[in-house]
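Observations on chain architecture
One-letter residues, chain by chain:
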Amino acid sequence: GKTMKLVNNGLQKLNNLKWLKSAGIEYYCSEKKDSKNSLIQTLKELKINEAKIEPHIIKPTKPQPVAKQEQTALTNNPLIAEARALADKATSLDELRNYLENFNGCQLKEFATHTVFSDGVANAPILLLGEAPGATEDEQGIPFCGESGVMLDRMLESINISRKTNAYITNTVFWRPPANRRPTNTEVEICKPFVEKHIALIKPKLIILIGSTATTSLLGKKAVISEIRQNNYPYINKYLSIAIPTTAIFHPAYLLRQPSQKKNTWYDLLKIQDFLITNISEFQ
Ligand code: URA
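Below or above, wherever it landed, is the structure these notes cover. Note that this is a predicted model, so its numbers are computed, not measured.

The environment of the ligand is made up of Gly130, Glu131, Ala132, Glu137, Pro143, Phe144, Asn171 and His251. Here Asn171 contributes a side-chain N or O atom positioned 2.9 Å from a nitrogen atom of the ligand. The fraction of the free accessible surface of the ligand (240 Å²) that becomes covered by protein chains is 94%. Using a 2 Å cut-off from the grid points, one finds that the ligand occupies the second largest pocket. Here the residues of the shell around the ligand are counted per class, giving three nonpolar, three polar and two charged.

A cluster of nonpolar side chains, contributed by Trp266, Tyr267 and Leu270, occupies part of the molecular surface with about 270 Å² of accessible area. For Trp266, the location among the structural elements is in helix H13 (residues 262-279). The class of Trp266 is partly exposed, set by a relative accessible area of 40%.

Applying the stated criterion across every chain, the model contains nine salt bridges. Residue Glu187 pairs with Arg181 through a salt bridge whose shortest N-O separation is 2.8 Å. In this structure Glu187 comes out as buried when scored by relative accessible area, which is 1%. Arg181 sits in the partly exposed class, given a relative accessible area of 29%. Connected through shared salt-bridge partners, Asp119, Asp153 and Arg163 make up one network.

Here the second largest pocket is characterised by a volume of approximately 570 Å³. Looking at the second largest pocket, it is lined by 24 residues, and the ones nearest its centre are Glu131, Ser148, His251, Ala253 and Arg257. Every element with two or more residues in the lining of the second largest pocket is listed here: helix H7 (135-140), helix H8 (147-157) and helix H12 (252-257).

Time to look at the pairing of strand S3 (residues 167-171). In terms of burial, S3 is a largely internal element, five of the five residues being buried. In S3, alternate side chains face the same way, and those of Ala167, Ile169 and Asn171 on one face and Tyr168 and Thr170 on the other are all buried. In this sheet, S3 lies alongside strand S1 (residues 119-120) in antiparallel orientation, the contact comprising two bridges. Bridge assignment links Asp119 to a residue of S3, and that residue is Ile169. Across five bridges, strand S2 (residues 126-130) lies against S3 in parallel orientation. Of the residues in S3, the one forming a bridge with Leu128 is Ile169.

The relative placement of two aromatic rings is captured by the distance of their centres and the angle of their planes. Scanning the entire structure with this criterion turns up five aromatic pairs. Pairing Phe103 with Phe194 gives two aromatic rings, centres 5.2 Å apart and planes at 55°, and the pair type is tilted. Separated by 91 residues along the polypeptide, Phe103 in the loop between helix H6 (93-101) and S1 and Phe194 in helix H9 (residues 185-202) bring together distant segments of the chain. Across this residue pair, the class does not change: Phe103 and Phe194 are buried.

The rules behind each value
- Residues numbered from 1 in each chain as written.
- Predicted model: local features only at pLDDT ≥ 70, side-chain atom pairs only at ≥ 80, totals over all residues.
- Heavy atoms only, no water.
- Near = heavy atom within 4 Å.
- Polar contact = N/O pair within 3.5 Å; in protein donor to acceptor, adjacent residues only side chain to side chain.
- Areas by Shrake-Rupley, 256 points an atom, 1.4 Å probe, with all protein chains shown as cover.
- 1 Å grid on protein atoms, 1.4 Å probe; cavity = no way out; pocket = protein on both sides within 12 Å on 5 of 7 lines; lining within 4 Å.
- Sits in = over half its atoms within 2 Å of the grid points.
- Nonpolar A, V, L, I, M, F, W, Y, C, P; charged D, E, K, R; others polar.
- Patch = residues over 30% accessible without salt bridge, like charges linked within 9 Å, V, L, I, M, F, W, Y side chains within 5 Å.
- Salt bridge = Lys/Arg side-chain N within 4 Å of Asp/Glu carboxyl O.
- Helix = DSSP H or I, 4+ residues; strand = E, 2+ residues; numbered from the N terminus.
- Buried < 20%, exposed > 50% of the residue type's maximum accessible area, 1.4 Å probe, protein only.
- Points joined across faces, edges and corners; volume = space filled by probe spheres on them.
- Pairing = 2+ DSSP bridges.
- Phe/Tyr/Trp six-rings, centres within 6.5 Å; stacked < 30°, edge-to-face > 60°.

What follows is the structure, encoded as structure tokens:
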């Protein structure tokens, strides 16, 4: 009896270790080495995450209007109206880029070196939408060319997506926020007309929303990645005649801080690959 118990405990520990390894967790544990209960805590967290991996059905989140007061402030904002007029006028990517580069209505531009417009293939079936340029992006004028970008490229490469061949990449705001803070709602709304026209000019067959800023900007405030991941939600704006399916993934910068979420993201990527093979001729 006692021996069996010892063997079983040993096996259990071994399985846990294997499981941790498969979740890429060695690094995570070593980060928490000094915490007495870190391994147990990590296992608990992982078990919760693993439960979430099961396919789950969530009602589509309708785009939610921002709070009423804020909404009024935003609709009366002349800077948004100015952005809208320019976006309305643009009939090509070159025009849109030109209008954007000459637009001074977003305060972020004052601190930025570059307007970071886009990278990738203009007629791509996939459009990737990030949050905002970081330091490297601001320096080089290219979205996702820093540390997060390297990781994003690797994630995409694993399911045959690349900005060199089949993806177009841009951000929710086009200038780096000081100290990499999150863009404010007003900054997002001022840039939004450009984003909307941008999407309409590319007319992708799938939009991948990278991180929560991109997700809430397009799907509304109630769209929470941990709840809507692995599902597709339709997106439409005034420049589109048909809705485009979207899917949201965790931001690579978040995954760099929370490596335990990488495993979940791997399942999300597999789901995306499945969608591509089923729905998009370029991937069949
Ligand atoms: N993070 C983003 O969201 N976008 C970038 O372009 C770079 C980092």
